[in-house]
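# Structural overview for review
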Amino acid sequence: MSFHSLQRLSTDLTCDATEWCPHVGCNHVMAVGLYQLRDDPKAKEGDDTPKLRIGQIQMYHLQEDHSCVQLVTKKDSAAILDMKWSASQFDKHPLLATVTASGDLDLYSYAPSETELVKETSTSIVDGQLALSLDWDDRVNGHEEGKERNIVVSSQDGNITTVRLKPNGELSVTASWHAHDFPAWIAAYDYWNTNIVYSGGDDCRFKSWDTRTDCSFPSSVSKVHQMGVTSAHSSMHREHVLVTGSYDEEVRVWDTRNLKRPAYECNVGGGIWRLKWHPTDPSLLLCAGLNCNSQRTVSRKLQLSTLLLLQLSTLLLLQLSTLLLLQLSTLLLFLFDCVVDLFFK
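In this report, we go over the structure that sits alongside the text. (Residues numbered from 1 in each chain as written. Predicted model: local features only at pLDDT ≥ 70, side-chain atom pairs only at ≥ 80, totals over all residues. Heavy atoms only, no water.)

### What to know about the pairing of strand 15 (residues 206-210)
For strand 15, the buried fraction is high: five of the five residues fall into the buried class. Of the two faces of strand 15, the one holding Phe206, Ser208 and Asp210 and the one holding Lys207 and Trp209 are both buried throughout. Relative to strand 15, strand 14 (residues 196-200) is paired through five bridges, and the arrangement is antiparallel. In the sheet register, Ser199 faces strand 15, and the bridge partner there is Lys207. Pairing of strand 15 with strand 16 (residues 220-222) involves three bridges; the strand directions are antiparallel. Its bridge partner being in strand 16, Ser208 is matched across the sheet by Ser220. (Buried < 20%, exposed > 50% of the residue type's maximum accessible area, 1.4 Å probe, protein only. Helix = DSSP H or I, 4+ residues; strand = E, 2+ residues; numbered from the N terminus. Pairing = 2+ DSSP bridges.)

Here it is, written out as structure tokens:
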């Protein structure tokens, strides 16, 4: 598998996130989240005034011949750390969520035909600190418009927060708990069981949480990562498959039924910032990190790892069926002995 650049362009500010719209008829739409530190013009020389974190959302449309993208609109905002499209629409328009350096979760609707990005609603996640990542719970289930959806957000203070989006567009925080002793870089849903949330932090811990509890204790804690855990993504294609990424340069593939140790590890030769499954090909994983060629290695090795996971699942089923057969045979022999004793003794 080979890759080559189609286009190079300047976004003026530093690009921190890019997301292609998943909706039919809008697949040509790409949102870009930007982040930049700037000196405060009101600060006096020699002051230790913190720098301003400014941001912007830029919307691009892919041309019909797929040769390039064109900037169609942009909107200033607080500095953006993460963004994701909902798999469901809002008022018949795609819905984009962002988390910002001001600690807010913002929702935008987008009308491609009018190239209009409208801020629909917002809620505060954390005061005075950064909201770092977000994830929707509707990747596998809950695509119907007008249905409640949930968003999970991680923040700089180590907290994880869940937020509910009601059909009327209102956002409400449903739970918040302290998950990590350092910044929580990532929070993600298990798309096949959205009661389960995964988190990773700068404390090198990867944790799972059951939101049906008060989350005072994690369901599992892994210490296998040697540096900060920056990414986690549940597969939309295969149940029980999850990947995590870390600054320790390892992509780890997990069987979520056993989070004691990863099922497979792949070193990509550079610190990892984000991992993302291909929207249609379950064997491809995109890796964004310090090594620009890492996605090629991961793609090849991941096919083997997912195959091994499937083989492992099949083996477990075979072992289980064999065990059941042995138990059934034992039961039949016992019943036969009982019948013999009853009629012949």
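### Topic: the sheet that holds strand 7 (residues 104-111)
A sheet is described by the order of its strands in space; here four strands give the open sequence 5-6-7-8, paired in antiparallel fashion. A strand with exactly one partner marks an edge of an open sheet, and here the two such strands are strand 5 (80-90) and strand 8 (116-124). Averaged over all pairs of adjacent strands, the angle between strand axes in this sheet comes to 25 degrees, irrespective of strand direction. Where strand 6 (residues 93-100) meets strand 7, five bridges bridge the pair, whose relative direction is antiparallel. The residue bridging Val99 from the neighbouring strand is Leu105, located in strand 7. (Axes fitted to C-alpha atoms, helices over the stretch in contact; angles between N-to-C directions.)

### Some details on the pattern of salt bridges
As enumerated under the stated definition, the model contains nine salt bridges in all. Here Lys84 ties to Asp82 by a salt bridge, and the two come within 3.0 Å at their closest N and O atoms. The pair formed by Lys84 and Asp82 is uniform in burial state, with each residue classed as buried. Residue Glu265 is joined to Arg252 by a salt bridge in which the shortest nitrogen-to-oxygen separation is 2.9 Å. Of this pair, Glu265 sits in strand 20 (residues 264-267) while Arg252 sits in strand 19 (residues 250-255), and the two are 13 residues apart along the sequence. On the basis of relative accessibility, which here comes to 39%, the residue Glu265 falls in the partly exposed class. A single salt-bridge network, built from bridges that share partners, covers Asp248, Arg252 and Glu265. (Salt bridge = Lys/Arg side-chain N within 4 Å of Asp/Glu carboxyl O.)

### So, the side chain of Ser109
Tracing the backbone through its elements, the reader meets Ser109 in strand 7. The exposure class assigned to Ser109 is buried, which follows from its relative accessible area of 5%. For Ser109, the side chain forms a polar contact with the side chain of Glu120, separated by 2.5 Å. Other than its neighbours up to four places away in sequence, Ser109 contacts His93, Pro94, Leu95, Glu116, Leu117, Val118 and Glu120. (Polar contact = N/O pair within 3.5 Å; in protein donor to acceptor, adjacent residues only side chain to side chain. Contact = heavy atoms within 4.5 Å.)

### Brief notes about the nonpolar core
Leu105, Leu107, Leu134, Trp136 and Val153 are the most contacted members of the largest nonpolar core, which has 22 residues in total. The element that contributes the greatest number of residues to this core is strand 9 (residues 131-136), accounting for four residues. Excluding anything up to four places from it in sequence, Leu107 contacts Leu95, Leu96, Ala97, Val118, Lys119, Glu120, Thr121, Trp136, Ile151, Leu165 and Leu171. Core analysis: the second largest hydrophobic core is formed by 14 residues, Cys21, Cys26, Ile80 and Trp85 among them. (Core = buried A, V, L, I, M, F, W, Y, C linked by side-chain atoms within 4.5 Å.)

### Quick word on the sheet that holds strand 3 (residues 52-62)
In spatial order, the strands read 1-2-3-4; together these four strands make up an open sheet with antiparallel pairing. Every other strand in the sheet has two partners, leaving strand 1 (14-20) and strand 4 (69-78) as the edge strands with one partner each. For this sheet the average axis-to-axis angle between neighbouring strands, irrespective of direction, equals 20 degrees. One ladder, built from nine bridges, connects strand 3 with strand 4; its direction is antiparallel.

None of the figures reported here should be taken as evidence of function without further support.
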